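Descriptive analysis of the structure
Spelled out from the first residue to the last, the chains are:
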Amino acid sequence: MAQQTCVEDFEVNFGDYVPLSTLDWPGKASVVFFLRDCPFRCPYCQNYSILNGYELVESSQIKQLMETSRPFVSSVVISGGEPLQQEQAVSGIAQMARDMGLLVGIHTNGVYADVLEGLLEKELVDGVFIDVKASLENADDYGRMIGYGSYPAVTISPADAVNNVQRSIKLAAENKLLQELRTTVLPGFMDKSEDIESIASSIVKCAGRDIPYFIQQGETEHSMDRNLRDLSPLSQDELLSLGNTATSFLNNVCIRTGKNGTEKITSDQSAV
């Protein structure tokens, strides 16, 4: 039985939750909480309905949902939106999970490195999953991917965003908590071999060659930008080609598609 800790009441700007998921932390059954708000406006975002607005719920409601899922899960995943934008809520949810003997995973865009560092110092996190939107050495590309200059809600400079993401990756890697880095690709967005080459090369400089890296098939029909919804997603073969490019730099590369799920790119340049 985990030692109980007194968690002060808090509010959560709540987006949604999934009572049981086997997708959000591969290999584990999780209850997933999606928190509202995000400093980015990625044109291809699938969760755009919770990027703003308010639906405040009390911590007691979160606890009740967690307790309902507890018999069936081993972990809690906190996602968004960008969950680390709600520092108190994330800390409180993580402590609740700890008290119930559950692991804690964080899905983040990496821009709130200070918040992540605080959670790591409190030993409230067991796994970190970070989106890498573009090369960590190309602020212009990063700005385009996060909607900088196109959406007034995006006020962080691309250079600051890149610096913070780099720091978050290093923090998670140094603490041996980095579960995966992932890049979502779709037509016109990181869909060229040179894009993936630049991303993979920049990852090596932050976290080494052995960090798990996932190239995800963007679901165009559900994109925030309506102009993307009529485009066809990249094909399996196109993702495989991008994955092969990444293996020149990284040792643990997978592609992830809606139809076939996760497939690891092997040394003989094929997916299994």
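Residues numbered from 1 in each chain as written. Predicted model: local features only at pLDDT ≥ 70, side-chain atom pairs only at ≥ 80, totals over all residues. Heavy atoms only, no water.

- The chain carries the name Anaerobic ribonucleoside-triphosphate reductase activating protein in an unreviewed UniProt entry, which gives Methanohalophilus euhalobius as its organism.
- Quoted straight from UniProt, the Cofactor (unreviewed entry) entry for the chain says "[4Fe-4S] cluster". (UniProt positions renumbered as here; feature names shortened; annotations may be inferred.)

Examining a negative patch on the surface
- A grouping of Glu-8, Asp-9, Glu-11 and Glu-58 is seen on the molecular surface, where their side chains present a negatively charged patch.
- Structurally, the position occupied by Glu-11 is in strand E1 (residues 11-21).
- For Glu-11, a relative accessible area of 42% translates into the label partly exposed. (Patch = residues over 30% accessible without salt bridge, like charges linked within 9 Å, V, L, I, M, F, W, Y side chains within 5 Å. Areas by Shrake-Rupley, 256 points an atom, 1.4 Å probe, with all protein chains shown as cover. Salt bridge = Lys/Arg side-chain N within 4 Å of Asp/Glu carboxyl O. Lys, Arg positive; Asp, Glu negative; His and termini not counted. Charge placed at Lys NZ, Arg CZ, Asp CG, Glu CD. Helix = DSSP H or I, 4+ residues; strand = E, 2+ residues; numbered from the N terminus. Buried < 20%, exposed > 50% of the residue type's maximum accessible area, 1.4 Å probe, protein only.)

Considering the sheet that holds strand E8 (residues 213-217)
- Reading across the sheet, the 10 strands line up as E3-E1-E2-E4-E5-E6-E7-E8-E9-E10 and stay open at both edges, with mixed pairing between neighbours. Two strands close off the open sheet at either side, each with one partner strand: strand E3 (56-58) and strand E10 (261-264). Going from strand to strand, the sheet's axes swing by 30 degrees on average, the running direction of each strand aside.
- Judged from the 4 bridges that link them, E8 and strand E9 (residues 253-257) form a sheet pairing that is parallel. Directly across from Tyr-213, in E9, lies its bridge partner Val-253. (Pairing = 2+ DSSP bridges. Axes fitted to C-alpha atoms, helices over the stretch in contact; angles between N-to-C directions.)

Quick word on the packing of aromatic side chains
- Evaluated as defined, the whole model comprises 3 aromatic pairs.
- Between Tyr-17 and Phe-33, the ring centres sit 6.0 Å apart and the planes meet at 20 degrees, which makes this aromatic pair stacked. A residue pair is termed long-range when its members are at least 10 positions apart, and Tyr-17 in strand E1 and Phe-33 in strand E2 (residues 30-35) qualify at 16 residues.
- Note on Phe-33: relative accessible area 0%, which makes it buried.
- Here the aromatic rings of Tyr-44 and Phe-189 are separated by 6.0 Å at their centres, their planes lie at 65 degrees, and the arrangement is edge-to-face. Linking Tyr-44 in the loop between E2 and E3 with Phe-189 in the loop between strand E7 (178-185) and helix H6 (193-207), this pair joins segments that are 145 residues apart in sequence.
- For Tyr-44, a relative accessible area of 7% gives the class buried. (Phe/Tyr/Trp six-rings, centres within 6.5 Å; stacked < 30°, edge-to-face > 60°.)

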